[in-house]
Every structure is written in structure tokens, then in C-alpha cells.
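Summary of the model geometry
For reference, the chains in residue letters:
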Amino acid sequence: MSEANVVLIGKKPTMNYVLACITFFHGGAKEVSIKARGKAISRAIDVSEVVRRKFLPGVKVKAIAIGTDQVQPQNEGAQFSNVSTIEITLRR
């Protein structure tokens, strides 16, 4: 899969990310990957479900990968902190 077909979830409204996914699929992409970390994980799940249920019913979840990233501390001397991650791959 091309790195161009990745939607990184942040703090914007859910529909912004839904539109990005739909744009990739209408542009001919067979797969779109939705990636999120931390508090944005629930928004990533919402995005995948809205895309599948409301806009593109022919799209299926191909894979879900979960993991943990270590985040660099803001100040020196602090320990690394762990942040949960998720990657949801949708396939047409």
C-alpha cells in the first residue's frame, strides 16, 4: 500500500477524516489506512465506522493493528512514556 493512502487522525472533527477517506477511495485507492495514537483512537474507530456504514457500504475492514509507541519526554531526565496506537486498514 502506498504511504499516500494514510489518514492520520488528530483533533479535527470526525467528518474531516471521513471526507479524506472517501476522497482516497473515489480517487481509485483500493486500500486506505487510518492511524491514530492516544486519545484519538476512539475518533479513528468512529471514522472507520462512518465510512463503512454511512457512505461506502462496500468497504470492509481488512486489518486492525494495535501497538505502543514510546514518546520522547518534554524535559530532560524524565522517563519515556508509552502511548497506545491503532491502525485500521479499510479495503474496497
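Whatever comes next refers back to the structure up there.
Summary of the structure given here. (Residues numbered from 1 in each chain as written. Predicted model: local features only at pLDDT ≥ 70, side-chain atom pairs only at ≥ 80, totals over all residues. Heavy atoms only, no water.)

Once that is clear, we can look at helix 2 (residues 41-55). The periodicity of an α-helix, 3.6 residues per turn, causes residues three or four positions apart to be oriented the same way. Compared with the 21 Å implied by 1.5 Å per residue over 15 residues, the 21 Å span of helix 2 between its first and last C-alpha is a close match. All of the buried residues along helix 2 are Ile-41, Ala-44, Val-47, Ser-48 and Val-51. Turning to helix 2, the residues buried within the fold contact helix 1 (14-26), strand 2 (31-37) and strand 4 (81-91). (Helix = DSSP H or I, 4+ residues; strand = E, 2+ residues; numbered from the N terminus. Expected span 1.5 Å × (residues − 1). Buried < 20%, exposed > 50% of the residue type's maximum accessible area, 1.4 Å probe, protein only. Contact = heavy atoms within 4.5 Å.)

This next bit is on the nonpolar core. Core analysis: the biggest nonpolar cluster contains 21 residues, and Ile-9, Cys-21, Ile-34, Ala-36, Val-47, Val-51 and Leu-90 have the highest contact counts within it. Going through the elements one at a time, helix 1, strand 2, helix 2 and strand 4 are the ones with two or more residues in this core. In terms of residue count, the dominant contributor to this core is helix 1 (5 residues). When residues no more than four places from it in sequence are discounted, the contact partners of Ala-36 are Ile-9, Ile-41, Ala-44, Ser-84, Thr-85 and Ile-86. (Core = buried A, V, L, I, M, F, W, Y, C linked by side-chain atoms within 4.5 Å.)

Right, let's talk about a nonpolar patch on the surface for a bit. Nonpolar side chains collect at one region of the surface, where Val-61, Ile-64 and Ile-66 lie side by side and expose about 310 Å² of accessible area between them. Within the secondary structure layout, Ile-66 lies in strand 3 (residues 60-71). Given a relative accessible area of 72%, Ile-66 falls into the exposed group. (Patch = residues over 30% accessible without salt bridge, like charges linked within 9 Å, V, L, I, M, F, W, Y side chains within 5 Å. Areas by Shrake-Rupley, 256 points an atom, 1.4 Å probe, with all protein chains shown as cover. Salt bridge = Lys/Arg side-chain N within 4 Å of Asp/Glu carboxyl O.)

When the terminal C-alpha atoms of helix 1 are compared, their 19 Å separation across 13 residues agrees well with the 18 Å that a helix rising 1.5 Å per residue should span. Buried-residue contacts for helix 1 involve strand 1 (6-8), strand 2, helix 2 and strand 4. Where helix 1 ends, the next residue or the one after it, Gly-28, has phi of about 105°, a positive value.

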